[in-house]
Structure formats: C-alpha cells, structure tokens
Amino acid sequence: MDLLNAAASPDADLIKDGTEATFMADVVETSQEIPVIVDFWAPWCGPCKTLGPLLEEAVTAAKGAVKMVKINVDEAQMIAAQLRIQSIPTVYAFFKGQPVDGFQGAQPGSEIKAFVDRVIEAAGGESPGGQLDDAIAAAEEMLSEGAASDAAQTFAAILGEDPNHAGAYGGLVRAHIAAGDLEQAEAILNGAPAEISSSPELEAAHAQLELAKQAADAGPVAELTAAVEAEPDNHQARFDLAQALHANGDVEEAVAQLLDLFRRDREWNDGAAKTQLFTIFDALKPNDPIVLNGRRKLSSMIFA
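Here goes a summary of the coordinates provided. (Residues numbered from 1 in each chain as written. Predicted model: local features only at pLDDT ≥ 70, side-chain atom pairs only at ≥ 80, totals over all residues. Heavy atoms only, no water.)

**Re the pattern of salt bridges**
Inclusion rule: A carboxyl oxygen of Asp or Glu within 4 Å of a side-chain nitrogen of Lys or Arg is what we treat as a salt bridge. The way it works is that DSSP assigns letters per residue, a run of H or I at least four long becomes a helix, a run of E at least two long becomes a strand, and they are numbered from the N terminus. Here the term buried applies to any residue with accessible area under 20% of the maximum for its type, exposed to any over 50%, and partly exposed to those in between, with areas from a 1.4 Å probe on protein chains only.
Scanning the entire structure with this criterion turns up 13 salt bridges. The salt bridge partner of D17 is K70, with a shortest N-O separation of 3.8 Å. Residue D17 is located in strand β1 (residues 15-18), and its partner K70 is located in strand β3 (residues 67-72); the two are separated by 53 residues in the primary sequence. When its relative accessible area of 55% is taken as the criterion, D17 is described as exposed. Taking the shortest distance from any N to any O, the salt bridge between K70 and E56 comes out at 3.1 Å. Taken together, the positions of K70 in strand β3 and E56 in helix α2 (residues 46-61) put the pair 14 residues apart, joining distant regions of the chain.

Here it is in structure tokens:
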C-alpha cells in the first residue's frame, strides 16, 4: 500500500549540485513551478556533513513535491554575498523565484522533515507528513467503528513509510488490543524504536494494554458491588470493583470508586488507587472530561 502515491514521482534531477552559472536555471526558474530547497555548505563545515544527508533524505521522501540544490559557498561566493549568507550551513527555500523560508545551523531530523513539509504546503502541495496525518485519521476512524483488522493494516502501512511515527505505532498496538490479541500488542509495544518509546502515543497504548490485561481477570460487577455495599472499608473489593467497572465500559464510575478508595486510604497497597487512576488517565485523551474531572478531584484530595 503506497500512502504517498498522490505525490509526483521523483525525477532524475531531484537533488543536484549547483553553481553560480546554473543558479538561475536550477533555483529561480525551477522554483516557478515547484519549491526548491538550497543547501549552502562548504567542505570544511562539520555540521554541513550531518545536515546535508538529512535534507536529502527528507527531500527524497517527498517524492518530487520539492527539489534540492546544493551550493558550495567556496565556489559560489557571489551568490553567497547576494543572499547575505553569513554562516553555514544555511538553508533557503525558494518558490516563484523568491526565498520563502529558511534556517541556519544544524537541525534534528524531525525539524528538517517539518521544514520540508512546511515548504511544500506553502507552495500549495501536499507534504508526506500531511498525507500520513490523513492516513492516521482514516485508521483511527476504522478503529472507532470496530474494524480493528483494517485499522491495523493501515497503521502498519504508515509505519512502512515512517517507521518512527509514534501515532501509527500506538495505533497498531491499540488495534491489536481491540482485536483481543494482547500478546501481539505487547510484542509490538516492546519492539518500539527507542526514539519514540516514551512518546505520549505509546504511553497511552501501554496504559490501554495494562487495562486490557486487567479486564481479562475482572470479577462480576454485581457481586463486587454487593461486597462493597456490605463492607465499605473493604479496600480490595472496592479496587476489584473499579477494575470490573472499567472492563465493562463504565470508566467514569471506575474512576469514582478509585477516588473514593484514595479518600479512604491513599496509602493502601502502596498507593494502588492513585496508580490505577493514572493508568486510566493515560489511556484516555488528555482533554477527556473524565480525565479533567478526575485529575481535579484527585489533586484537591492530595493537596487538601
């Protein structure tokens, strides 16, 4: 599945070395139709040796939506002076013959990708990042509609384009959770690249996996409710009831029971109520009303 098939295919001169003699043709004229990123570098510049390959990778990934020209400032001093290049590496993006964006100095790969996406979008094109965002939204919709298998395939295809896409990685884990394949979900989570292992998307997937494991062992709600009503200070019964409620989809009441348990004995079982509350909060979206209300009530008890 090629998620980027809407982009133009890269041509033979997608990335080229430019000179003062070719600058007008390679940059000014070419940028009338398509944005051109110009990398001003020099052989003696250490950061240039890192930045150049990262730029080339991002431009290549755009599959023809943007081009790149590399200018050695030692051999193109007139252009460097005209554009007031005071330090290198310096990167300019041209469109319609004019500089439209740029930066100086080394940048991490994520910032370079964002820069290339921004340049493409400013020129009216569709960036790789934007296309992947659309694919993520489609996969999330499949997951919300219960099509876990289709969602998993789409998330996997996105990872084929960008192996470090935290949203797709977390989505793939959640799709397997939704399908009831907890072992595979855990294996995928454990195999996440180190660069994204602490991302909010993977933290949320980890929390959902923990809750799914608990749900498999959850007791009957009616019996646990009766036990708590008969013995309100039976903390284990109340904790088990919260797990059972969550397993049955009553997240709000599960949070209420855990808050009640925290109020009664915040230190019980090494602070299990607070830990479980944070697991539930992490599994939900940060702006979910259950999270906002739950955190507010928990904070008021902690700082009372």
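**Focus on the sheet that holds β3**
Let me state the cut-off plainly: Two strands qualify as a pair provided DSSP detects at least 2 bridges between them. The convention used is that axes are lines fitted to C-alpha atoms, helices contributing only their stretch in contact, and that angles between N-to-C directions extend from 0 to 180 degrees. Residue contacts are counted whenever heavy atoms from the two residues lie within 4.5 Å of one another.
On the basis of which strands lie adjacent, the open sheet formed by 5 strands has the order β1-β3-β2-β4-β5 and mixed pairing. Across the chains shown, the open sheet's two edge strands, defined by having one partner strand only, are β1 and β5 (98-104). The mean angle between the axes of side-by-side strands here comes to 25 degrees, regardless of whether they run parallel or antiparallel. Of the strands in this sheet, β1, β2 (36-41), β3, β4 (90-95) and β5 are in contact with α2, which crosses β2 at around 165 degrees. Of the strands in this sheet, β2, β4 and β5 touch helix α4 (residues 109-122), which is tilted by about 170 degrees from β5.

**Some words on unusual backbone geometry**
Along the chain, I88 connects to P89 via a cis peptide bond; the corresponding omega equals 0 degrees. With respect to the element layout, P89 can be found in the loop between α3 (77-82) and β4. The phi dihedral of K63 is positive, around 50 degrees, even though this residue is not glycine. Inspection of the secondary structure puts K63 in the loop between α2 and β3. The class of K63 is partly exposed, set by a relative accessible area of 26%. Positive phi, close to 55 degrees, is recorded for K96, a residue that is not glycine. Following the sequence through the fold, K96 ends up in the loop between β4 and β5.

**Quick notes on the environment of H246**
Relative to the helices and strands, H246 resides in helix α11 (residues 235-247). Placed 35 residues apart in sequence, H246 and L211 show a C-alpha to C-alpha distance of 8.1 Å.

**Observations regarding the state of the cysteines**
Let me state the cut-off plainly: In this description, the term disulfide denotes a pair of cysteine sulfurs within 2.5 Å.
Under the counting rule described, the total for this entry stands at 1 disulfide. The side chain of C45 participates in a disulfide bridge whose partner is C48; the two sulfur atoms lie 2.3 Å from each other. Handedness of the C45-C48 disulfide follows from its S-S torsion of about 85 degrees: it is right-handed. Accessibility classification places C45 together with C48 in one group, the buried group.

**Here we look at the packing of aromatic side chains**
Condition: Working definition: a ring pair exists when centres of Phe, Tyr or Trp rings (six-membered ring for Trp) sit within 6.5 Å. Plane angles under 30 degrees give stacked, over 60 give edge-to-face, the rest tilted.
Enumeration over the complete set of coordinates arrives at 6 aromatic pairs. Relative to F94, the ring of F23 has its centre 6.0 Å away and its plane inclined at 85 degrees; by these criteria the two rings are edge-to-face. Of the two residues, F23 sits in helix α1 (residues 23-29) while F94 sits in strand β4, which places them 71 residues apart along the sequence. A relative accessible area of 3% means that F94 is categorised as buried. Ring geometry for Y92 versus F94: centroids 6.4 Å apart, planes at 85 degrees, classification edge-to-face. A connected cluster of aromatic rings, assembled from ring pairs, spans F23, F40, Y92 and F94.

Function cannot be read off these values alone, since they describe shape.
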